[in-house]
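Read off the chains here:
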Amino acid sequence: MPLIVWRESADPNVYEAARTSRLFNGVIPPRYPVAIAFAKSEQDIVDAINTAIQKDHRVSVRAGGHSYAAWSLRSDALLLDLGQYVEMELDEESGIVRASPGVTGEQLNAYLSAKARAFSVGHCPDVALGGFLLGGGMGWNSNNWGWACESIVAIDLVTASGELIRADVCNNADLFWAARGGGPAFPGVVTRFHLQTRQAPKVTRSSVYIYPAEHYTTAFNWILKVLQTTVFQNICVKAELTCQIASSVDQLVEITAVGSYKEGVQDACLTIILLAFGDDEHAVGDILQKADQSRPAGLLSRSFSEETSIHRELESKYKAYPIGQRYKVDNVFLNNDTDVAELLRPAFTTLPTRQSLALWSSMRPRSTRSLTDMALSVQSDHYFALYAIWENEADEVENGAWVAGVMNQVQRQAAGAYLGEHDFKARAARLWGSQQYERLVAIKRKWDPSNRICGCLGLEELD
Ligand SMILES: Cc1cc2nc3c(=O)[nH]c(=O)nc-3n(C[C@H](O)[C@H](O)[C@H](O)COP(=O)(O)OP(=O)(O)OC[C@H]3O[C@@H](n4cnc5c(N)ncnc54)[C@H](O)[C@@H]3O)c2cc1C
C-alpha cells in the first residue's frame, strides 16, 4: 500500500508539500486534492485506485508534474504521484525498453545512451514519460524520428475499475489507440510503457546563429528557405524512410528558431539552431556546411558544427526553462502556407520579460506523412509555442495579457494546437480531428462509465 497523505488528517505543511511537490509551474492553482498517494510500484498504483474506488473519490495523476496548467491538481480527487516509481529495463535483442511513467526524459536518455540506444525524449529534461507520451510526444529530432508515441509498442495500465491489463494492437486496441495522443482523456492509469528504441546516432553536431532584432525577417526567411533547398529535401526523403523502418540513423536535422533576450543586448534576439544527427561524420558536416554557406550577414554570434549530444542539449534546457518560475504557455500548429516570419514577428520581438521565450520548430518531414490509427490527429509543418516567464506574482496579469494578445493574432493561421502545451481553460483549440474526438469520448465512456479518472480540465465532455 502506498504512503497516502490525507488532507483531513495530515499536518498542513506536509499536505501542502505533497500537493505541490514537483510542479513545474510556479503559478499553482488553488485546487486541493483529498489525498496524495505516493506510488513506488505497480502494485501501489492498483492499491491506490482501489482505495479511491472504495471511498468514491476521483483519481488524478502526476508523473513528472510538467503540465503547465497543473492538470494533476484536482479538487477533492485522490492525486496519484508516480515520481518515486522509476523503473527502466531494456531488452537488448528487441531494443524495446520497459519504462514506468514517472521516468523523466533525462533519466531515460541517460539509461539508453549508456547502451548505445536512443529515444525521442522531450526537450525539457524533467518532462516525464507519462504526460509526454500520452499527449503525443514532440521529442528531440521528432520531426525526423516521428512522434514519440509512434514508438509505443504496448502499455500496461490500471483501469478505472482497478484491473491491471495490457493494451497493444491486438489486446484492448481501443485503449492502445487512446494512449497515443489522448492525453488526459485516457481513461486509466498507465503503469508501464513498452517503447521501441533505436540505435543511437554516432554523430550529433549543432550550428547556432544569433541575429539581432533588425535582422529578424532576413534571418527567419533564410532558415525557412534552407528547408526548401535540395539537400534538405533529400534529407526529408531519407528521413521518411528511416522513420518508416525505424532501424538505422541517417543524416537528419532538427531546426528551431528561438526568440529570447541575450546578455548585453537590449532587444530580443533571434537564435537559429540546426541540430544534426547521423552516422557519418562527413555527411553530417556537409549538411551543416551547406546551410552555413547561405547564412545572411548581420550575425551577433555563430557557432558552427559543434559536437554535442542529447544529454548536453537537455542540460542546457534547465537554464532556459527554470523549474518553479511562473509560466504562461500557449501554442499552435500554423497552416503550411503561412508567412511565418511576418506572423510571428510580434511574438519574437516583443517578449514581456527577459526570461520569456518564443519558439518555432519545423515539423518536416514528419508532417508530410499522415497520422493514422491513433488519437493524435493534428500536425502541420510549423510548430509555434510561447513561454511568458516571470518571477513576481504581481506580474501575472500583464504576462497573461501579452500571451493572449499574441495568440489572438497568431491563431487566425492555426491548423490546431498541441495538447501537451495547451490549457483547455485558457482557450478553445482544435486538438484532435473531429472523428478522433468522437472516438475518444466513446472510449472514455466505455472504460470509465463512472468518470473515476480525471480527464481534460476545462473540456467538459472529456473531463
Ligand atoms: C516548458 C515546457 C516545455 C515542454 N517541452 C515539451 C517538449 O519538448 N515536447 C513535448 O511533447 N511536450 C513538452 N511539454 C509538454 C509536456 O509534454 C506536457 O506538459 C506533459 O503532460 C508533461 O508530462 P508530465 O508527466 O511531466 O506531466 P504531469 O503534469 O505529471 O502529467 C500531465 C497529465 O498527464 C496525464 N498522465 C500522466 N501520467 C499518466 C499516467 N501514468 N496514466 C494516466 N495519465 C497520466 C494526467 O492527466 C496528468 O495530469 C513542455 C511543457 C512545458 C511547460
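What you see is a predicted model; the values in this text were computed from it and never measured.

Caption draft 1: Layout of the overall build of the protein chain. For the protein chain, the count of helices and strands is 13 helices and 19 strands. At 22 Å, the protein chain has a C-alpha radius of gyration in line with the 23 Å of a compact globule built from 463 residues. Projecting the C-alpha coordinates of the protein chain onto the three principal axes gives extents of approximately 65 × 55 × 40 Å. Residue burial in the protein chain is summarised as follows: out of 463 residues, 61% are buried. Sequence separation of 24 or more characterises 73% of the internal contacts of the protein chain that already satisfy a separation of 6 or more. Entry remark: accessible area of the protein chain is about 18,500 Å², with carbon and sulfur atoms responsible for 48%.

Caption draft 2: A look at the sheet that holds strand E9 (residues 164-167). With respect to topology, five strands assemble into an open sheet ordered E5-E6-E10-E8-E9, the strand pairing being antiparallel. Whereas interior strands pair on both sides, the edge strands pair on one side only; in this sheet they are strand E5 (88-91) and E9. The sheet shows a mean angle of 20 degrees between the axes of neighbouring strands, taken without regard to direction. Summarising the sheet, strand E8 (residues 152-159) and strand E10 (residues 188-196) pair through seven bridges and their orientation is antiparallel. Note that in E10 the partner of Leu157 across the bridge is Val190.

Caption draft 3: View of the packing of aromatic side chains. Tallied over the entire structure, the rule returns 16 aromatic pairs. Here the aromatic rings of Phe24 and Tyr327 are separated by 4.6 Å at their centres, their planes lie at 40 degrees, and the arrangement is tilted. Here Phe24, found in the loop between helix H1 (12-20) and strand E2 (35-38), pairs with Tyr327, found in strand E16 (residues 326-334); they are 303 residues apart in sequence, far enough to count as distant. Taken individually, Phe24 and Tyr327 each receive the classification buried, so the pair is uniform in this respect. Ring geometry for Tyr321 versus Tyr387: centroids 5.0 Å apart, planes at 80 degrees, classification edge-to-face. Of the two residues, Tyr321 sits in the loop between helix H10 (310-320) and E16 while Tyr387 sits in strand E18 (residues 382-390), which places them 66 residues apart along the sequence. Each member of the pair, Tyr321 as well as Tyr387, carries the same accessibility label: buried. Taken together, the ring pairs connect Tyr216, Phe220, Phe348, Trp360 and Phe384 into an aromatic cluster. In this arrangement the basic side chain of Lys55 is found over the ring face of Trp6, its NZ or CZ atom lying 5.3 Å from the centre. Cation over ring: Arg439 sits above Trp177, and NZ or CZ is 4.4 Å from the ring centre.

Caption draft 4: Inspection of the sheet that holds E2 at higher detail. Taken in spatial order, the four strands of this open sheet run E1-E2-E4-E3, and their pairing is mixed. The sheet terminates laterally at strand E1 (3-6) and strand E3 (59-62), the two strands that pair on one side only. Shown here is a sheet whose adjacent strand axes are inclined to one another by a mean of 20 degrees, direction ignored. Sheet analysis places E1 next to E2, joined by four bridges and oriented antiparallel. Along E2, the bridge assignment pairs Leu3 with Phe38. Those strands touched by helix H2 (residues 42-55) are E1, E2, E3 and strand E4 (78-81), and its axis lies near 180 degrees from that of E4.

Caption draft 5: Up close: the domain arrangement of the protein chain. The domains assigned to the protein chain are domain 1 (3-81) and domain 2 (203-421). Taking only C-alpha atoms, the centre of domain 1 and the centre of domain 2 are 34 Å apart. Contact residues are listed per partner, giving seven residues for domain 1 and twelve residues for domain 2. A buried area of about 800 Å², summed over both sides, lies between domain 1 and domain 2, and 64% of it is on carbon and sulfur atoms. Broken down residue by residue, the surface that domain 1 buries against domain 2 is led by Phe24, Val27 and Tyr68, which jointly contribute 67%. Counting across the interface, domain 1 meets domain 2 through zero salt bridges. Taken together, the connections running from domain 1 to domain 2 amount to four residue pairs in polar contact (both at pLDDT 80 or more). Its residues assigned to classes, the side of domain 1 that touches domain 2 shows five nonpolar, two polar and no charged.

Caption draft 6: Here's a closer look at the UniProt feature "domain: FAD-binding PCMH-type" (unreviewed entry) in the protein chain. Those places that UniProt annotates as "domain: FAD-binding PCMH-type" (unreviewed entry) correspond, in this numbering, to residues 27-200. With 24% helix and 26% strand, residues 27-200 has end C-alpha atoms that lie 37 Å from one another.

Caption draft 7: Structural view of the site of the ligand. Taken together, 33 residues surround the ligand, and among them Ala63, Gly65, His123, Met138 and Tyr418 come closest. Ser72 is positioned with one of its backbone polar atoms (N or O) 3.4 Å from an oxygen atom of the ligand. Within the backbone of Val190, an N or O atom sits 3.0 Å from a nitrogen atom of the ligand. In the complex, 96% of the free accessible area of the ligand, which totals 960 Å², lies under the protein chains. At the level of secondary structure, the elements contributing two or more residues to the shell around the ligand comprise E3, helix H4 (129-135) and E10. Among the elements that line the shell around the ligand, the one with the most residues is H4, at four residues. Residues that form the shell around the ligand fall into these classes: 19 nonpolar, twelve polar and two charged. Both domain 1 (3-81) and domain 2 (203-421) contribute no fewer than three residues apiece to the shell around the ligand.

Caption draft 8: Quick peek at helix H12 (residues 396-410). Spanning 15 residues, H12 covers 21 Å between terminal C-alpha atoms, matching the ideal 21 Å at 1.5 Å per step. Of all the positions in H12, only Asn399, Gly400, Trp402, Val403, Val406, Met407 and Val410 are classed as buried. Relative to the axis of H12, the buried residues are bounded by an arc of 155 degrees and lie together on one face. Away from the buried face of H12 by more than 90 degrees, exposed residues Val397 and Glu398 are located.

Caption draft 9: Quick look at the packing of helix H11 (residues 340-349) against H12. Where H11 contacts H12, the two axes come as close as 10 Å, and the packing angle between them is 180 degrees. When the axes of H11 and H12 are compared, the pair comes out roughly antiparallel. Counting all contacts with H11, which are made through Leu343, Leu344, Pro346 and Ala347, the residues of H12 involved are Trp402, Val406, Gln409 and Val410. Residue composition of the contact of H11 with H12, by class: seven nonpolar, one polar and no charged.

What counts, and at which threshold
- Residues numbered from 1 in each chain as written.
- Predicted model: local features only at pLDDT ≥ 70, side-chain atom pairs only at ≥ 80, totals over all residues.
- Heavy atoms only, no water.
- Helix = DSSP H or I, 4+ residues; strand = E, 2+ residues; numbered from the N terminus.
- Rg over C-alpha atoms; globule rule 2.2 N^0.38 Å.
- Buried < 20%, exposed > 50% of the residue type's maximum accessible area, 1.4 Å probe, protein only.
- Contact = heavy atoms within 4.5 Å.
- Areas by Shrake-Rupley, 256 points an atom, 1.4 Å probe, with all protein chains shown as cover.
- Pairing = 2+ DSSP bridges.
- Axes fitted to C-alpha atoms, helices over the stretch in contact; angles between N-to-C directions.
- Phe/Tyr/Trp six-rings, centres within 6.5 Å; stacked < 30°, edge-to-face > 60°.
- Lys NZ or Arg CZ within 6 Å of the ring centre and 35° of its normal.
- Domains from an automatic or database assignment.
- Buried area = accessible area lost by both parts, 1.4 Å probe.
- Salt bridge = Lys/Arg side-chain N within 4 Å of Asp/Glu carboxyl O.
- Polar contact = N/O pair within 3.5 Å; in protein donor to acceptor, adjacent residues only side chain to side chain.
- Nonpolar A, V, L, I, M, F, W, Y, C, P; charged D, E, K, R; others polar.
- UniProt positions renumbered as here; feature names shortened; annotations may be inferred.
- Near = heavy atom within 4 Å.
- Expected span 1.5 Å × (residues − 1).
- Arc of directions from axis to C-beta.
- Parallel < 35°, antiparallel > 145°, perpendicular 65-115°, else oblique.

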